[in-house]
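# Fold and geometry: a report
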Amino acid sequence: MSAAKTYDDYFQEYNSALAKVRSFLACPAESSLSECEAWLQMARSCLTAMQGLSEIENDVVKLQATKQLFAREVTPLANEVRRVKDKAIILQKQQNSLFQGKKTQEYVPPVIIEGGGDEGDETQALLLASRDMLFESQALCVESEGIGQNVIRTMSSQRQQLEMSSARLQGTISNMDQARQVLKQIGQKALRNKIFLYVVIILLLFANAYALYRIFVGKSNARPN
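The structure contained in this document is the topic of the report that follows. Each chain carries its own residue numbering, running from 1 in the written order of its sequence. Predicted model: local features are reported for residues with pLDDT of at least 70 only, side-chain atom pairs are reported and counted for 80 or more only, and whole-chain, interface and lining totals are derived from all residues. Hydrogen atoms and water are omitted, and side-chain values are computed over all heavy atoms in the structure.

### Some points on the packing of aromatic side chains
For this analysis, a ring pair means two rings from Phe, Tyr or Trp (six-membered ring only for Trp) whose centres lie within 6.5 Å, classed as stacked if their planes differ by under 30 degrees, edge-to-face if by over 60, and tilted for the remaining angles. All chains considered together, the criterion is met by one aromatic pair. When the centroid spacing of 6.2 Å and the interplanar angle of 25 degrees are considered together, the rings of Phe11 and Tyr14 count as stacked. With Phe11 and Tyr14 both in helix 1 (residues 7–26) and three residues apart, this pair spans about one turn of that helix. Seen from the ring of Tyr7, Lys62 lies directly overhead, with NZ or CZ sitting 4.7 Å from the centre. Runs of E in the DSSP output that reach at least two residues are strands. Runs of H or I that reach at least four are helices, and both are numbered from the N terminus. Two thresholds decide whether a charge sits over a ring: the Lys NZ or Arg CZ must be within 6 Å of the ring centre and within 35 degrees of the ring normal.

Here is the structure:
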């Protein structure tokens with residue numbers, strides 16, 4: 001029996017799925033469109049599971065982060081995939097119309113072609129190539145945004161670590177100041193004791209000198225004349 005997945009497990013699967021979606025958008029192919037939609041659906045399922053786990057754990061930070069991922073990453077990528085799909089459908093309809101030799105009544109984005117003939121075909125090809133380049137640029141922008149968000153999360157984590165280190169450093173400085181005050185007090189007390197000891201020694205020396213003097217004077221007075 002496999003262990004239940006954690007928030008981090010779903011987050012890793014989510015990032016893996018989005019990486020494959022971005023890879024598809026960077027080089028879209030009709031054959032992999034359905035697979036891209038499957039990966040996008042998997043990313044949505046992972047975010048739903050992450051949101052559910054955050055609500056169970058009552059983790060407000062993770063819950064807000066999950067909602068932001070929906071808005072900042074999944075929704076723009078879903079719009080890009082939808083545009084690529086619509087483009088593929090339109091191109092397929094245009095090809096079918098050319099092969100059948102008749103006009104289609106389905107909606108086709110209006111393209112203004114002047115002059116007709118080969119010049120019109122070249123203009124249409126240039127428009128399609130420009131649109132492909134636009135889609136690729138949008139995909140790169142989405143990917144760059146994802147990288148930027150990862151960098152911001154990393155910098156935010158590093159900032160928290162720096163703030164914690166700064167707090168520890170402030171505590172260490174405060175402890176050092178207290179220790180300095182204690183050492184200063186001990187030094188002052190030792191100095192006072194040393195001065196008192198010197199005074200006592202000097203007094204004892206004077207007392208001994210006076211005692212010797214009295215003894216010497218007493219012996220002098222006791223001698224017979």
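### Some thoughts on the side chain of Gln149
Secondary-structure assignment places Gln149 in helix 4 (residues 117–222). Burial classification: accessible surface area is computed with a 1.4 Å probe over protein chains only, and a residue below 20% of its type maximum counts as buried, one above 50% as exposed, and the rest as partly exposed. A relative accessible area of 9% means that Gln149 is categorised as buried. By definition, residues are in contact when any of their heavy atoms lie within 4.5 Å. Not counting the four nearest positions on each side in its chain, Gln149 is found in contact with Arg72 and Glu73.

### Considering the layout of surface pockets
A pocket, in this scheme, is an open set of points on a 1 Å grid over the protein atoms alone with protein on both sides within 12 Å along at least 5 of 7 lines, while a cavity is a set where a 1.4 Å probe fits but cannot get out; residues line either one if an atom lies within 4 Å of a point. Grid points are joined across faces, edges and corners, and a volume is the space filled by probe spheres set on the points. In this structure, the largest pocket encloses a volume near 340 Å³. Lining the largest pocket, in full, are Tyr7, Asp8, Phe11, Val61, Lys62, Ala65, Gln68, Leu69, Arg72, Gln149, Ile152 and Arg153. Contributions of two or more residues to the lining of the largest pocket are made by helix 1, helix 3 (60–100) and helix 4. Top element by residues in the lining of the largest pocket is helix 3. It accounts for six residues.

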